[in-house]
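# Close look at the chain arrangement
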Amino acid sequence: MSTFQEQRTARLKGATEATREFMRLGLDAGRAVDVFGVIESKRVWLLFEPLDHLFGFFQREQRGAGIVLHSGHPLSVQRFTAAHEYAHYALGHELSQDSHQELFGAAGLPLQELEAQAFAAEFLMPLPLVNRALDRLALPREPRILTPIEAYQLSLEMGSSYRATITQLRQLNKIPAALVEQLQAWEPIQIKTELGDGRRPENARADVWDVNEIRRARNLRLRVDDELHVRLPEIPTSGYRWDVDVGGAALRPVLDELETDLHAQERLGSALRRHLWWRAIEPGSATMSLRLVRQWQDSGAALDGLELELTVQMPRTGLESTTGISLPQRRALVAEAA
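Quantities reported herein were computed from a predicted structural model and do not represent experimental measurements. (Residues numbered from 1 in each chain as written. Predicted model: local features only at pLDDT ≥ 70, side-chain atom pairs only at ≥ 80, totals over all residues. Heavy atoms only, no water.)

### Brief notes about the layout of surface pockets
For the largest pocket, the calculated volume is near 810 Å³. Lining the largest pocket are 36 residues, and of these L75, R223, M314, P315 and R316 sit closest to its centre. For the lining of the largest pocket, the secondary structure elements donating two or more residues are α3 (75-90), α7 (148-158) and β6 (220-223). The element best represented in the lining of the largest pocket is α3, accounting for 4 residues. Along the wall of the second largest pocket there are 20 residues; nearest its centre are R11, Q117, A118, T167 and Q171. (1 Å grid on protein atoms, 1.4 Å probe; cavity = no way out; pocket = protein on both sides within 12 Å on 5 of 7 lines; lining within 4 Å. Points joined across faces, edges and corners; volume = space filled by probe spheres on them. Helix = DSSP H or I, 4+ residues; strand = E, 2+ residues; numbered from the N terminus.)

Now the structure itself:
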């Protein structure tokens, strides 16, 4: 059984090595880490397969090293698992089979798992990236109060899992210990349903992105089946309405409505919220232009507006299957064989 000091040293080693690896790779602290791309660049095999109770595993052999991730998990969990397995590679470990306990637990874990936990959190969520993500969500850099929706949206900005994000915020002393327990009482599917006004996403494993008049500087990197909600204030009696243009659309509209306010008619000039909802249907890029205009006025006379640049990412294994070797590595094998 390891001592408290040994555990502390292991976590410090993992976090320190993650910082060094981040710098060695020249990664941009303003953007979410492309952890799959990092693994592929090291010529470590990356596969996605059904794994029952395991989240992932790593194995190093004389011929090379490989990482296998659970193909049925949400992308955010796959990314954090990938960072954990990459930690085993970067830290020189030989073998690890990782369940929920190895990724998120604490008690009774081998020291190499504590090293990998700390490495994964620091590699995906270094302090500069956390600060910039908080800025994009218009949150204070030390948000002593944080809602589950805000924590979930922050996890999407950084490309990490909801629970890992909460843990890292506490590790960085961004949130108090009492708030951690409150946030962890929520499951991501509950938050997604809350964002859909009580309606679950069509694909329960998909992520649900939220934009409003405060959260308008988003780094939107969706994947197929992810859902995007935009809620913006609108005063129906003023004649102004949000006009939307989606160029290069990889999105399908789901909903366009004013959110219900039973007392709106009693308050002349009261503001409601226009709720716009899309589902990502294919990989690609899109530019979304939203302008608050009166339909009968000059097209240049907008009361407000915002531009959203978004990407719908290709699944790492391609469109045909959710399992198998990563698509870039498969293409490289074909090219080498040609």
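Let's pick the thread back up.
### Side note on the side chain of R274
The topology assignment puts R274 in strand β10 (residues 272-280). A polar atom in the side chain of R274 sits 2.7 Å from the side chain of E234. Those residues in contact with R274 that sit more than four places away from it in its chain are V230, R231, L232, E234, R241, W242, D256, E257 and L258. (Polar contact = N/O pair within 3.5 Å; in protein donor to acceptor, adjacent residues only side chain to side chain. Contact = heavy atoms within 4.5 Å.)

### Describing the pairing of strand β3 (residues 64-70)
Every regular strand shows the same layout, with side chains that alternate between the two sheet faces. In terms of residue burial, β3 counts as a mostly covered element, since 6 of its 7 residues are buried. Of the pairings in the sheet, the one linking strand β1 (residues 45-49) to β3 comprises 5 bridges and is parallel in character. Among the inter-strand pairings, F48 is bridged to a residue of β3, identified as L69. Sheet topology note: the strand β2 (residues 56-61)/β3 ladder contains 6 bridges and is antiparallel. Each residue of the ladder has a partner; that of F58, found in β3, is I67. Linking two consecutive strands that pair antiparallel, namely β2 and β3, is a turn of 2 residues. (Buried < 20%, exposed > 50% of the residue type's maximum accessible area, 1.4 Å probe, protein only. Pairing = 2+ DSSP bridges.)

### A look at the packing of α7 against helix α8 (residues 162-171)
Contact geometry for α7 and α8: axes closest at 9 Å, N-to-C directions at 100°. Classified by the interaxial angle, the pair formed by α7 and α8 is roughly perpendicular. Here P148, A151, Y152, L154, S155 and M158 of α7 lie close against α8, whose contacting residues are Y162, T165 and L169. When the residues that make up the contact of α7 with α8 are grouped by side-chain class, the tally is 7 nonpolar, 2 polar and no charged. (Axes fitted to C-alpha atoms, helices over the stretch in contact; angles between N-to-C directions. Parallel < 35°, antiparallel > 145°, perpendicular 65-115°, else oblique. Nonpolar A, V, L, I, M, F, W, Y, C, P; charged D, E, K, R; others polar.)

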